[in-house]
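Fold and contact review
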Amino acid sequence: MIIGDPYKAAFLIERIPEWEKDHWKNGIMFVIINGEMYPKEVRTTTFNSELPSLLAANSAFAHPISDRSLYNKTASEILEYISDDENENYYRYFIPFHEIENSGYRFYILSDGRSIKILICEFIDGEFILKDKTELSMREYEDIKSKLIGFYTECEF
């Protein structure tokens, strides 16, 4: 199932019961930004661990930080501010998606209260390099989040 608009921002998510063992619910989950899928290769996603992290109350995905002055900066300036693993900003803006991070990518999110920006970075030569970015209205973003919560709820994890 596709949740969102793949030419802006979406999740491609599918539970695959044949991949499941014991109580672990497995399948695939990709993030699509501007028509590009992340991660770039198929990886088994364990929904029991991935979705609770993504949807947790302290997750940047569940509750993006609203900072109008930071939001209005260039993508490079935003990335410089939020991508420092040594300070707390990393955790406040980082979207926790383990399969993406394990494949060498990282997603960050922030808001200005009316819109959402998502930045996609790739780990190259010891640093995260901006690969792409997208902007969504708050309504578009909330619709994606709501449908992802619905998927999680329907799967009875």
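Just so we're clear, the structure is a prediction, and the values are computed from it rather than from any experiment.

**Overview of the overall build of the chain**
On a plain count of helices and strands, the chain comes out with six helices and eight strands. The linear arrangement of helices and strands in the chain, starting from the amino end, is β-β-β-β-β-α-α-α-α-α-β-β-β-α. A compact globule built from 157 residues should have a C-alpha radius of gyration of about 15 Å, and the chain, at 15 Å, falls within 12% of that. Along the first, second and third principal axes, the C-alpha atoms of the chain reach 45 × 35 × 30 Å. Here the chain, with 157 residues, has 45% of them falling under the buried criterion.

**Concerning the packing of aromatic side chains**
A full pass over the atoms with the stated rule returns seven aromatic pairs. Plain terms: the ring middles of Phe 123 and Phe 128 are 4.8 Å apart, the flat faces sit at 50° to each other, and that makes the pair tilted. The class of Phe 123 is partly exposed, set by a relative accessible area of 45%. Here Phe 128 falls in the buried class, since its relative accessible area comes to 17%.

**Notes on the pairing of strand 7 (residues 115-124)**
The two faces of a sheet get side chains in turn, since along a regular strand they alternate between them. Across the ten residues of strand 7, eight count as buried, placing the element largely inside the fold. For strand 6 (residues 105-111) and strand 7, the ladder comprises seven bridges, and the chain directions are antiparallel. By the bridge assignment, Tyr 108 is partnered in strand 7 with Leu 119. Linking strand 6 back to strand 7 in an antiparallel pair, the connection comprises three residues, with Gly 113 at a positive phi of about 100°. Here strand 7 runs beside strand 8 (residues 127-137); their pairing, made up of ten bridges, is antiparallel. Each residue of the ladder has a partner; that of Ile 116, found in strand 8, is Leu 136. What sits between the antiparallel neighbours strand 7 and strand 8 is a turn of two residues, in which Asp 125 has the positive phi angle 50°.

**Some thoughts on unusual backbone geometry**
Of note, the amide linkage connecting Tyr 38 to Pro 39 takes the cis form, showing an omega dihedral of 0°. Its location among the elements puts Pro 39 in the loop between strand 4 (36-38) and strand 5 (45-46). The backbone phi angle of Asp 22 is positive, close to 55°, even though this residue is not glycine. Along the chain, Asp 22 turns up in the loop between strand 2 (9-15) and strand 3 (26-33). Judged by relative accessible area, Asp 22 falls into the exposed class, the value being 68%. Unusually for a residue other than glycine, Asn 34 sits at a positive phi of about 50°.

**So, the nonpolar core**
With 29 residues, the main nonpolar core has Phe 11, Phe 107 and Leu 148 as its most contacted residues. Taken together, the elements giving at least two residues each to this core come down to strand 2, strand 3, helix 1 (47-55), strand 6, strand 7 and helix 6 (138-154). Aside from chain neighbours lying at most four places away, what touches Leu 148 is Ile 3, Phe 11, Ile 13, Leu 51, Leu 54, Leu 55 and Phe 61.

**Some points on the environment of Lys 131**
With respect to the secondary-structure elements, Lys 131 resides in strand 8. As a C-alpha pair, Lys 131 and Tyr 105 span 26 residues in sequence and 9.1 Å in three-dimensional space. If sequence neighbours within four positions are ignored, Lys 131 has contacts with Tyr 38, Tyr 105, Ile 120, Cys 121 and Glu 122.

Conventions used here
- Residues numbered from 1 in each chain as written.
- Predicted model: local features only at pLDDT ≥ 70, side-chain atom pairs only at ≥ 80, totals over all residues.
- Heavy atoms only, no water.
- Helix = DSSP H or I, 4+ residues; strand = E, 2+ residues; numbered from the N terminus.
- Rg over C-alpha atoms; globule rule 2.2 N^0.38 Å.
- Buried < 20%, exposed > 50% of the residue type's maximum accessible area, 1.4 Å probe, protein only.
- Phe/Tyr/Trp six-rings, centres within 6.5 Å; stacked < 30°, edge-to-face > 60°.
- Pairing = 2+ DSSP bridges.
- Core = buried A, V, L, I, M, F, W, Y, C linked by side-chain atoms within 4.5 Å.
- Contact = heavy atoms within 4.5 Å.

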